[in-house]
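# Architecture at a glance
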Amino acid sequence: MTENGADAGVVLALETSCDETAVALLDGAGRVLASRIASQEDAHRLYGGVVPEIAARAHLENLPPLLDAALQDAGAALTDLSAVAATAGPGLVGALLVGLSEGKGLALGLGVPFVPVNHIEGHALSPFLSIDGEAAAAVPERFAALVVSGGHTHVFAFSGFGIERLARTRDDAAGEAFDKVAKMASLGYPGGPAVDRLARRGVAKRPFAVAQFKDGSPDFSFSGLKTSVRERLLELGRAPAAGIPGGRRALEEDAAPRLCDLMADVEEAIVAQLLDRLSRLHEARRLGVLSVSGGVAANTLVRERIPAWGRARGVDVRVAPRALTGDNAVMIAFAGLRRLLAGRIGEGLGAVARSRWPLETLE
Ligand code: KG4
Ligand code: ZN
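Attention in this report is confined to the structure presented alongside it. (Residues numbered from 1 in each chain as written. Chains lettered and ligands numbered in written order. Predicted model: local features only at pLDDT ≥ 70, side-chain atom pairs only at ≥ 80, totals over all residues. Heavy atoms only, no water.)

## Things to note about the overall build of the chain
For the chain, the count of helices and strands is 12 helices and 10 strands. For 363 residues, the compact-globule estimate of 2.2 N^0.38 gives 21 Å, and the C-alpha radius of gyration of the chain, at 21 Å, lies within 12% of that figure. A burial count over the chain gives 53% of its 363 residues as buried. The contacts of the chain with a sequence gap of at least 6 include a subset with a gap of at least 24, amounting to 74%. Summed over all atoms, the accessible surface of the chain reaches about 15,000 Å², with 52% contributed by carbon and sulfur. Taking the average location of the 39 positive side-chain charges in the chain and that of its 43 negative ones, the two points are 6 Å from each other. (Helix = DSSP H or I, 4+ residues; strand = E, 2+ residues; numbered from the N terminus. Rg over C-alpha atoms; globule rule 2.2 N^0.38 Å. Buried < 20%, exposed > 50% of the residue type's maximum accessible area, 1.4 Å probe, protein only. Contact = heavy atoms within 4.5 Å. Areas by Shrake-Rupley, 256 points an atom, 1.4 Å probe, with all protein chains shown as cover. Lys, Arg positive; Asp, Glu negative; His and termini not counted. Charge placed at Lys NZ, Arg CZ, Asp CG, Glu CD.)

## A look at the sheet that holds strand E2 (residues 20-27)
Taken together, 5 strands build an open sheet; the order of strands is E3-E2-E1-E4-E5 and the sheet is mixed. Among the strands making up the open sheet, the edge pair consists of strand E3 (32-39) and strand E5 (114-118). For this sheet, the mean angle separating the axes of adjacent strands, direction not counted, is 15°. Note that E2 and E3 share 7 bridges and pair antiparallel. If you follow Ala22 over to E3, its bridge partner there is Ile37. Most of the contacts of helix H3 (residues 52-74) go to E2, to which it runs at about 25°, and overall it touches strand E1 (10-15), E2 and E3. (Pairing = 2+ DSSP bridges. Axes fitted to C-alpha atoms, helices over the stretch in contact; angles between N-to-C directions.)

## With respect to the side chain of Asp265
Tracing the backbone shows Asp265 in helix H10 (residues 257-285). The exposure class assigned to Asp265 is buried, which follows from its relative accessible area of 5%. For Asp265, the residues in contact, after removing those within four places along its chain, are Ala204, Lys205, Arg206, Pro207, Phe208 and Arg232.

## Some remarks on the pattern of salt bridges
A pair can form between side chains of opposite charge whenever their charged atoms are brought close. Applying the stated rule across the entire model yields 21 salt bridges. Residues Arg305 and Glu268 are paired through a salt bridge, measuring 3.0 Å at the closest nitrogen-oxygen approach. Of this pair, Arg305 sits in helix H11 (residues 300-313) while Glu268 sits in helix H10; the two residues are 37 residues apart in sequence, bridging distant segments of the chain. On the accessibility criterion, Arg305 (31% relative accessible area) is partly exposed. Residue classification places Glu268 among the partly exposed positions, given a relative accessible area of 27%. Of the charged contacts in the structure, one is a salt bridge between Arg318 and Asp316, with a shortest N-O distance of 3.0 Å. (Salt bridge = Lys/Arg side-chain N within 4 Å of Asp/Glu carboxyl O.)

## Topic: the pairing of strand E10 (residues 316-319)
Regular strands show a simple pattern: their side chains alternate between the two faces of the sheet. Relative to E10, strand E9 (residues 289-293) runs parallel, the two being bridged by 4 bridges. When the sheet's bridge partners are listed, Val292 is paired in E10 with Val319. Considered for its hand, the β-α-β crossover made up of E9, H11 and E10 is right-handed. (Right-handed = clockwise from strand over helix to strand, strands pointing away.)

Remember that the coordinates give geometry; whether it matters functionally is a separate question.
Structure below.
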């Protein structure tokens, strides 16, 4: 990518698929020129999850000032842009439409190419990006990608622009499991970071079983974990999801050692399942390079254990920079740039917003 970089100029990307509004600018070598994110966490917290209508409206409000700020950060003007990328799916259609329409309008007005980007492809490529001003690493011709977020727990095999799905979750995503456990323990939303913090203060003592499918599939399943955690919470003498006076922060600060231990067990269980599936996939087809991305890739134990697993097996594990694990537009710009340089911009301006858009269906 670096050799061709000079031709690609500056790529602008917009990401509005869920509850983060994000704008980024990347140069042709994949260097981050600007990255702005407006989180809507506070707007949705009251409801314990993302409300689609609130998300779409917040994107409409947040996008214009964010775009101005990002251009200013990069010291660039709209006329410097050589391409515009935007997330076209998967995600909330009303939310996606905000960034997609704005992106198309800008590209049309400027007379530059428009690149519709698959959000999951963005995550999968994020481990090749640098956040300290350096050019992006070359994307290998073949690599495997573990994407672990609030909506996805999938493993893909990339071969050029051909993508095969090797495993997926059959029920909850790993991030969803973190969020549901946190909700039951009254730790608030999103729950992954709170479970991570409590787990650091605890010691895993009672492992949960790793779910397996009778047909031997390497697919994931995290829904059983909730039931087991509910039982352990009752053992601790706490009704699941019972409110505690003083609110979430007080609860987290005063968390009993046994609750911290339980959260450490939960984290171990989720990581154990990820490693179990990766081991089986590696035995079946040798994973040379493995990218690890998505919100759950911010988790402390994930960031320790998966690279250690890789070192023991000769798998080159690349975990996304922590700042790029959650939703961001840098990864969308990078996926867009890679497609632009390869002349594979899909439907271009004809792209529509898609709530479902399985990565393995991309050509
Ligand atoms: O990629 P992301 O920001 O949004 C989706 O596309 O889903 O992922 C959000 C998910 C949430 O479920 C959140 O609880 C989880 O990532 N997460 C974590 C941590 N930070 C975020 N899970 C475990 N440990 C963390 N430190
Ligand atoms: Zn995401």
